[in-house]
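A closer look at the structure
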Amino acid sequence: MFRLLRYMKKYWYIAILAPIFMIIEVGMDMFLTKYMQLMVDDGISIGSMDNIIHYGLIMIGILVLGVAGGMLSNIFTNISCYKFGNDLRKAVFTKIMDLSIHQADKFKTGSLVTRVTNDITQIQNMIAMCLRGLIRSASFFVLGIIFTLSISKNFGGVLLVVLPLEIVLMIIFMAILFPVFKKIQDKLDKVNTVVLENVQGSRVVKAFSKEQYEYNRFVGVNYDYTEKVLFVSKITAFLSPLLNLIVYGGQIIIYYMGGTVIVDAFKNGITPTLMVGQITQAITYITMICMSLLMLGMTFTMIARAYASASRINEVLDEKLELIDGNLDIALIEDKDKGTISFEHVSFGYPGAKEDILKDLNFKVKKGETIAVVGSTGCGKSTLVNLMVRLFDTKSGTVYINGHDVKEYKKEDLHKIVAICLQKAELFAGTIEDNIAFGKPDATLDEIKWAARVAQAEEFILGKDEGYQEVVTEKGTSLSGGQKQRMSIARAILRKPEILIFDDSTSALDLVTEAKLYQAMKADLSYVTKIIVAQRIATAKNADRILVLDKGVIESFGTHDELMENSLVYKDIYLSQLKREEE
Ligand SMILES: Nc1ncnc2c1ncn2[C@@H]1O[C@H](COP(=O)(O)OP(=O)(O)OP(=O)(O)O)[C@@H](O)[C@H]1O
């Protein structure tokens, strides 16, 4: 956990002011109690109005200083803690963005959300508690003991009984509670995971009428989480009254001891060594000491909870990045290599899978060529193109883009050269213009319109009430599947990459629109190398060459006519689709 405190380093000068002002507040509280005693014993008891006014004015001054100290302490605590939380959240988020897809899958989305939000809040609260509460409680505790003993050494005996009892009680409670904190965070992960899955997949849930099933799943994980949290609150609910019992016990003993001294003095006609005000003062201190011990206990509970959260955050921060950027200067890429792709002995398998999905692939693509990738579903087409944008690294062999191993590139540079349009069109909350300009925020409206025109999106965009300014939701519910695909195509085109990849990105377009799209791309993007993953032979047929994947290997690679002659797999797919169309 201490490692995470490095994010506090920048704000140490603000953080240090919080306990300083807190000590002022505590000091003033102590003095206030002292002046209350003087007010009783040296003012009210002897009927001196002058002393009452004198002590009253001092008490007002002390109060003002105490309140100011408390307020400033709160302000500095909050500033430093929120800034710490902000920086830590940024660091964890950045790390999450750098994780490979396998690594993100390993943590699960719901758990990553809990870590960035709730876990960081736990640490933030713990630091606030330490800056304010720990210093406050520790000061009250130490000063309380000193002030109590300064009234009468005999009260030390009361502390010797009360404090060990309280400490033992708290140790028992902590031992019960500490192991539960990690479990609470894990249960919260599960709640977040189910919520996220349902928000992301709400259409599927509705389409399959699985609302009740999903509701039951949510109720299950929510119940588990609530059970754990309730367990902690039930235990804590016992702690407070039990501690109060000990405090009241201590107060009764003090009343008894103090009362005995005063009564004995009256009986013997001598001046008592203790005054009424001092007994009240001792009672206040004993309560203060016990309460501060309770607060210390609470602080340790928060430290334990934050410790569990910190280890979950460190798991993310310590995750060794799989995809480390290279340092290639893309300005040095030779013109003859631009727009080329080459796979040399490339094999790839997903972690944990028994067999490789891609086995020893070798092929080259020239600048400006249009290559279609076909094959049965699940044969590895998306995996193949994902290797070109380095969403994963190969298990063996090398993928060359523009003549350089993809590992040599900085991710940002590689994605300037290669743009991919993923199978599932993802939109973000914002206008149509924002969504198209996502990959090139400085694009002019003319460029955006050009990209939309090539992507065959202009017509439907202009049909919207607000045109390019029409607001779409994150899930793009106001757009059809084909419209979303065309926006996502426009987004990739706008970047004017050297290599453009469509991963089954036109599956929702009718054949006429698809043909128009490829025609427009041929006219406006002839210099761009295009890789088109396609299910439909009608899409693949017009490509310069077609790569047929089968059982992880390249079954054949050639033009439509060549493949119709030489490739059994291609011919099979072609004939089955033709038959389906005829039927
Ligand atoms: N993240 C992953 N982890 C483990 N296995 C995966 C992962 N992604 C895909 N696979 C598996 O790898 C294989 C190839 O998947 P891929 O998506 O590349 O196939 P595809 O040919 O594009 O399929 P489709 O035509 O249906 O889109 C499939 O068997 C799939 O189950």
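Rules of the game
Residues numbered from 1 in each chain as written. Predicted model: local features only at pLDDT ≥ 70, side-chain atom pairs only at ≥ 80, totals over all residues. UniProt positions renumbered as here; feature names shortened; annotations may be inferred. Helix = DSSP H or I, 4+ residues; strand = E, 2+ residues; numbered from the N terminus. Axes fitted to C-alpha atoms, helices over the stretch in contact; angles between N-to-C directions. Parallel < 35°, antiparallel > 145°, perpendicular 65-115°, else oblique. Left-handed = near helix turned anticlockwise from the far one by under 90°. Nonpolar A, V, L, I, M, F, W, Y, C, P; charged D, E, K, R; others polar. Buried ≥ 20, exposed ≤ 12 C-beta atoms within 10 Å, placed from the backbone. Pairing = 2+ DSSP bridges. Contact = placed C-beta atoms within 7 Å. pLDDT = per-residue confidence, 0-100.

Going by the annotation in an unreviewed UniProt entry, the name recorded for the protein chain is ATP-binding cassette subfamily B protein, with Anaeroplasma bactoclasticum given as the source organism. UniProt's Sequence similarities (unreviewed entry) comment on the protein chain is quoted here verbatim: "Belongs to the ABC transporter superfamily." In its Subcellular location (unreviewed entry) section, the UniProt entry covering the protein chain states "Cell membrane".

Annotation from UniProt places "domain: ABC transmembrane type-1" (unreviewed entry) at residues 16-305. A helix fraction of 92% and a strand fraction of 0% characterise residues 16-305, whose end C-alpha atoms lie 23 Å from each other.

What follows covers the packing of helix H5 (residues 109-151) against helix H9 (residues 276-317). Where H5 meets H9, the closest approach of the two axes is 6 Å, and the angle between their N-to-C directions is 155°. Our classification of the angle between H5 and H9 gives roughly antiparallel. At the point where H5 passes H9, the crossing takes the left-handed sense. Across the contact of H5 with H9, the residue classes tally to 26 nonpolar, eleven polar and four charged.

Consecutive side chains along a regular strand alternate between the two faces of the sheet. The buried count for strand S3 (residues 370-374) comes to five of five residues, which makes it a mostly enclosed element. Side chains of S3 alternate between two faces, with Thr370, Ala372 and Val374 and Ile371 and Val373 buried alike. As defined by bridge partners, S3 adjoins strand S10 (residues 529-533) across four bridges and the pair is classed as parallel. In the sheet register, Thr370 faces S10, and the bridge partner there is Lys530.

Let us now look at the packing of helix H6 (residues 155-200) against H9. Interaxial distance between H6 and H9 falls to 9 Å at its minimum, and their mutual angle equals 20°. Judged by the inter-axis angle, H6 sits roughly parallel to H9. H6 and H9 meet at a crossing whose hand is right-handed. Residues Phe155, Val158, Val162, Leu163, Glu166, Met170, Met174, Leu177, Phe178, Phe181, Lys182 and Gln185 of H6 lie in contact with H9, whose contacting residues are Ala282, Ile286, Cys290, Leu293, Gly297, Phe300, Thr301, Ala304, Arg305, Ala308, Ser309 and Arg312. Residue composition of the contact of H6 with H9, by class: 16 nonpolar, four polar and four charged.

The next point concerns unusual backbone geometry. Even without a glycine there, the phi angle at His345 is positive, about 50°. With respect to the element layout, His345 can be found in strand S1 (residues 341-348). Here Asp360, not a glycine, exhibits a phi torsion of approximately 45°, which is positive. Its location among the elements puts Asp360 in strand S2 (residues 358-365). Using a count of 15 C-beta atoms within 10 Å as the deciding quantity, one classes Asp360 as partly exposed.

With respect to the helices and strands, the residue Met174 is situated in helix H6. Between the alpha carbons of Met174 and Gly297 there is a distance of 8.0 Å; along the sequence they are 123 residues apart. Ignoring sequence-local partners within four residues, the contact set of Met174 consists of Phe300 and Thr301.

Right, let's get into the confidence of the model for the protein chain. Looking at the protein chain, the pLDDT average stands at 88 and 98% of residues meet or exceed 70. Predicted complex, confidence summary: ipTM 0.94, pTM 0.71.

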